[in-house]
Amino acid sequence: NAGVTQTPKFQVLKTGQSMTLQCAQDMNHEYMSWYRQDPGMGLRLIHYSVGAGITDQGEVPNGYNVSRSTTEDFPLRLLSAAPSQTSVYFCASSRRSQDTEAFFGQGTRLTVV
Amino acid sequence: AQSVSQHNHHVILSEAASLELGCNYSYGGTVNLFWYVQYPGQHLQLLLKYFSGDPLVKGIKGFEAEFIKSKFSFNLRKPSVQWSDTAEYFCAVIKYYKLSFGAGTTVTVRA
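Residues numbered from 1 in each chain as written. Chains lettered and ligands numbered in written order. Predicted model: local features only at pLDDT ≥ 70, side-chain atom pairs only at ≥ 80, totals over all residues. Heavy atoms only, no water.

### Some remarks on the overall build of chain A
In terms of regular secondary structure, chain A is built from 0 helices and 11 strands. The order of α-helices and β-strands along chain A, N terminus first, is β-β-β-β-β-β-β-β-β-β-β. For chain A, whose C-alpha radius of gyration is 13 Å, the value lies close to the compact-globule estimate of 13 Å for 113 residues. The C-alpha extent of chain A, read off along each of the three principal axes, is 40 × 30 × 25 Å. (Helix = DSSP H or I, 4+ residues; strand = E, 2+ residues; numbered from the N terminus. Rg over C-alpha atoms; globule rule 2.2 N^0.38 Å.)

So, in structure tokens, the structure goes:
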């Protein structure tokens, strides 16, 4: 099984550019989420989705958009990249249940210059 | 504000030493608790989890954690660490489908 697949692994953007980070899972998980990881701050929730067509904001949603048109895919869009968005981004998925672990992708290291 | 607090930012140990990492959460009611590990250059992997029952849970690679409800704590322990335990460790709490993480503790084990 591929699990959770994120692309790209690395990306450099110029300030003001837009891009989409891709996330796909093949485990038929209902719940998907995006986190950013910054030194000393752990992982902070950006957006999450409890099923196709349903998304909601997490802790740090500003500057990011998401959509969930299928169960498998949960792309994260940066509308106008800023240096403050330089981070490592992780996508995660899990069954729609409180008593289940999350599976993480390999991460995307994004640098905004 | 609801949060997850990890007591130590960076822990340096020698091989065979014992490890204990503190975690406290401030969510009320029923919560499910996790410890994740991130080895250098890799993604997060589950070490162990607590949902209910015995408050002392055992995970992979000899790790265990104890849930103390009265203290809102879920501390991670390992009696004897190895060099391969060098990693970053995250405590996490899930509440209403949101998985919230602590800031992480970097553990460096010296050979």
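Anyway, onward from the coordinates.
### Structural notes on the interface of chain A and chain B
Interfaces are frequently sized by the accessible area removed from exposure as the parts join. Counting residues at the interface gives 21 residues for chain A, matched by 22 residues for chain B. Both faces considered, chain A and chain B share a buried interface measuring about 1800 Å² in area, 57% of it formed by carbon and sulfur atoms. Along the contact surface separating chain A from chain B lie 0 salt bridges. Scanning the region where chain A abuts chain B turns up 5 residue pairs in polar contact (both at pLDDT 80 or more). Those elements that provide at least two residues to the side of chain A that touches chain B are strand S4 (31-38) and strand S5 (42-51) of chain A. Per element, the largest residue contribution to the side of chain A that touches chain B is 4 residues, and it comes from S5 of chain A. A breakdown of the residues in the side of chain A that touches chain B according to their chemical character gives 9 nonpolar, 9 polar and 3 charged. (Contact = heavy atoms within 4.5 Å. Buried area = accessible area lost by both parts, 1.4 Å probe. Salt bridge = Lys/Arg side-chain N within 4 Å of Asp/Glu carboxyl O. Polar contact = N/O pair within 3.5 Å; in protein donor to acceptor, adjacent residues only side chain to side chain. Nonpolar A, V, L, I, M, F, W, Y, C, P; charged D, E, K, R; others polar.)

### Looking at the state of the cysteines
Residue and element names in this part refer to chain B. As enumerated under the stated definition, the model contains 2 disulfides over all chains in all. Here Cys 23 engages in a disulfide with Cys 91; their sulfurs sit 1.9 Å apart. Across the disulfide from Cys 23 to Cys 91, rotation about the S-S bond amounts to roughly -65°, and the bridge is consequently left-handed. Taken together, the residues Cys 23 in strand S4 (residues 23-25) and Cys 91 in strand S10 (residues 87-95) connect sequence positions 68 residues apart. (Disulfide = S-S within 2.5 Å.)

### Comments concerning the layout of surface pockets
Its volume calculated, the largest pocket comes out at about 420 Å³. In terms of lining residues, the largest pocket is bounded by 23 residues, among which Gln 37, Val 88, Phe 90 and Arg 109 of chain A together with Gln 38 of chain B are the most central. At the level of elements, S4, strand S9 (87-94) and strand S11 (108-112) of chain A together with S10 of chain B are the ones that each hand at least two residues to the lining of the largest pocket. (1 Å grid on protein atoms, 1.4 Å probe; cavity = no way out; pocket = protein on both sides within 12 Å on 5 of 7 lines; lining within 4 Å. Points joined across faces, edges and corners; volume = space filled by probe spheres on them.)

### Let's talk about the pairing of strand S11 (residues 98-101) of chain B
Side chains Leu 99 and Phe 101 of chain B project from S11 of chain B onto a buried face, and the interleaved Lys 98 and Ser 100 of chain B project onto a face without burial. In this antiparallel pair of consecutive strands, S10 of chain B and S11 of chain B, the connection spans 2 residues, and Tyr 96 of chain B shows a positive phi of 50°. (Buried < 20%, exposed > 50% of the residue type's maximum accessible area, 1.4 Å probe, protein only. Pairing = 2+ DSSP bridges.)

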